[in-house]
Amino acid sequence: MTSAQVPVSRRNFVKTSALTGATIAAFNILPSKEARAAMPLKVGLIGCGRRGKGDTKRILQANQGVTLGGFADLFPDRIDAARSFFKESCDAVVDDDRCFVGWDAHKRLMETDVDIVMLTTPPVFRPMLLSAAVEANKHVFMEKPAAVDAPGVREVIAAGEKAKARGLSIAGGTQRRYQEDYRETIRRIQEGAIGKIVAARAYWVSSAARGFSKRRPQWSDMEYQLRNWFHYLWLSGDHIVEQHVHNIDVINWVVGKHPETAFGYGGQVWKKGGNIWDHHTVEFDYGEDLVMTSMCRQIKSQYGKVGEVIVGSEGTSNAQNTVNARGQEWKYPGEPVDGAVSEVVELVESIRNQNPINDARQMAESTMTAILGRMAEYNGTLLTWDEAIASDESYLPKKLEFGPVELRPLAVTGGMKYDPTEAWTAD
């Protein structure tokens, strides 16, 4: 009987495994720390717009041994632009057979030997893409926000749990979580540097949003909206979700939980086109008398403010690099590495060190906090977390295909409509 024909009993298996392990150790076959650090990895980009190209350029340039393995996008011109961009900026060439176009482009890219997929499409697609990536056993970098509605949030959480079971890494684009000045400052706050947290404020009060790409005659509704995705509710989730999630995420991080309720208001007074608002104001209640006031705006103005404020019983902090407490001020020393770089460096390190990171739930909960705020504003009610996350309202069209798209009307707080004939009266 040859060795290939030896029956595999439990005893034989243990004995053979032990011998194999000893042989590997004797010949030093197990990868060393240095070998793991140089382990080659291929990255595939799904969504070849400005943000996706930037994130992918960073992961290539900040990590040795990481190469570009392919592109997926709905539009050929986006693929062409990405190929030119990476050839010029990173001297990286992607062959035709690794460039995929169409609604199933992501599936075909995931069938290749890429190790990491960069999910940088419009936010509405991220839950389904994350689920597909985990099923394909790919590590993931996923831009913020994680979703645009509660069903999407629940899908991200489920995919994150499956990724944990499979030992896959998911790094999120909430850059502040990866920036050392935020980490050190928030560590001090959580250790009691400013006493009990009694209030918080979050701001992304900025100037006007990006403009629209001019519509071409051959573009369907679907293509026009996809090429101007930021301005459409079903694609972006409104800018409280798409942009302000950064600051909301910081407050959840500091407090250590998501809020219990929210109410607010907002509208569109300056922006023309699309169906998202240009200003939002929400009060989030975390319980135990802790309230966070959230303001975001995209209106041309002479004043803006982006950041966070944490108020404690014994001091204050900006959550980033300064703590003022007990008559003393602490400042973070030096200049930290940009969180947009650290997030992709730590992703690669986690894969090579076989120590997976998983930002899915944290990103999902911060995204859901922003969605809770938007829902409360739109509904004009005091809305609870449990009510919001249980919602089955989905923004994804029933069919993903080029053609007409029914556009939701612009939301008005509480669904109210202004009647100019209605007179104000005083008792």
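Residues numbered from 1 in each chain as written. Predicted model: local features only at pLDDT ≥ 70, side-chain atom pairs only at ≥ 80, totals over all residues. Heavy atoms only, no water.

Chemist: How would you explain the sheet that holds strand S6 (residues 170–172) if you had to name every residue and give the values?
Modeler: Taken in spatial order, the 6 strands make up an open sheet running S3-S2-S1-S4-S5-S6, and their pairing is parallel. Of all the strands in the sheet, just strand S3 (99–101) and S6 have a single pairing partner and so form its edges. Going across the sheet, the axis of each strand differs from the next one's by a mean of 20°, ignoring polarity. Pairing of strand S1 (residues 41–46) with strand S2 (residues 66–73) involves 6 bridges; the strand directions are parallel. Bridged to lysine 42 within S2 is threonine 67. (Pairing = 2+ DSSP bridges. Helix = DSSP H or I, 4+ residues; strand = E, 2+ residues; numbered from the N terminus. Axes fitted to C-alpha atoms, helices over the stretch in contact; angles between N-to-C directions.)

Chemist: Any chance you could break down the pattern of salt bridges for me, citing the residues and the numbers?
Modeler: Throughout the structure, instances matching the rule amount to 26 salt bridges. Salt-bridge contacts for arginine 51 lead to glutamate 242; the nearest nitrogen and oxygen are separated by 2.9 Å. On the criterion of sequence distance, the pair formed by arginine 51 in helix H3 (residues 50–61) and glutamate 242 in helix H11 (residues 239–242) is long-range, its members being 191 residues apart. Judged by its relative accessible area of 21%, arginine 51 falls in the partly exposed class. Among the salt bridges present, the one from glutamate 161 reaches lysine 164, with a minimum N-O distance of 3.6 Å. Placement of both glutamate 161 and lysine 164 in helix H7 (residues 150–166) is noted, with a separation of 3 residues, approximately one turn of the helix. For glutamate 161, a relative accessible area of 36% gives the class partly exposed. (Salt bridge = Lys/Arg side-chain N within 4 Å of Asp/Glu carboxyl O. Buried < 20%, exposed > 50% of the residue type's maximum accessible area, 1.4 Å probe, protein only.)

Chemist: So, the packing of aromatic side chains: which residues are in play, and what are the values?
Modeler: The final tally for this structure, using the stated rule, is 9 aromatic pairs. With centroids separated by 6.4 Å and ring planes inclined at 70°, the aromatic side chains of tryptophan 103 and phenylalanine 125 adopt a geometry described as edge-to-face. With tryptophan 103 in the loop between S3 and helix H5 (105–110) and phenylalanine 125 in the loop between strand S4 (116–119) and helix H6 (126–135), this residue pair connects regions lying 22 residues apart in the sequence. The partly exposed category is assigned to tryptophan 103, whose relative accessible area is 26%. Where tryptophan 103 meets phenylalanine 402, the ring centres are 5.3 Å apart and the plane angle is 45°; that geometry is what we call tilted. Of this pair, tryptophan 103 sits in the loop between S3 and H5 while phenylalanine 402 sits in the segment after helix H15 (385–389), and the two are 299 residues apart along the sequence. Since its relative accessible area comes to 38%, phenylalanine 402 is described here as partly exposed. (Phe/Tyr/Trp six-rings, centres within 6.5 Å; stacked < 30°, edge-to-face > 60°.)

Chemist: Describe in detail the sheet that holds strand S13 (residues 322–325), supporting the description with residues and values.
Modeler: Sheet strands pair via backbone hydrogen bonds, and the direction of the pair is either parallel or antiparallel. Read from one edge to the other, the open sheet built from 9 strands follows the order S14-S13-S12-S11-S7-S10-S9-S8-S15, with strand pairing classed as mixed. Both outer strands of the open sheet, strand S14 (328–331) and strand S15 (383–384), are each paired with one neighbouring strand and no more. Where strand S7 (residues 197–206) and strand S11 (residues 305–312) come together, 8 bridges link them in antiparallel fashion. The partner of alanine 202 across the bridge, within S11, is glutamate 308. Together, S7, S11, strand S12 (315–317), S13 and S14 form the strand contacts of helix H8 (residues 180–190), whose direction differs from that of S14 by roughly 145°. Contacts between helix H12 (residues 245–255) and the sheet are confined to S7, strand S9 (279–285), strand S10 (291–298) and S11, with S7 contributing the most and set at about 165° to the helix. (Contact = heavy atoms within 4.5 Å.)

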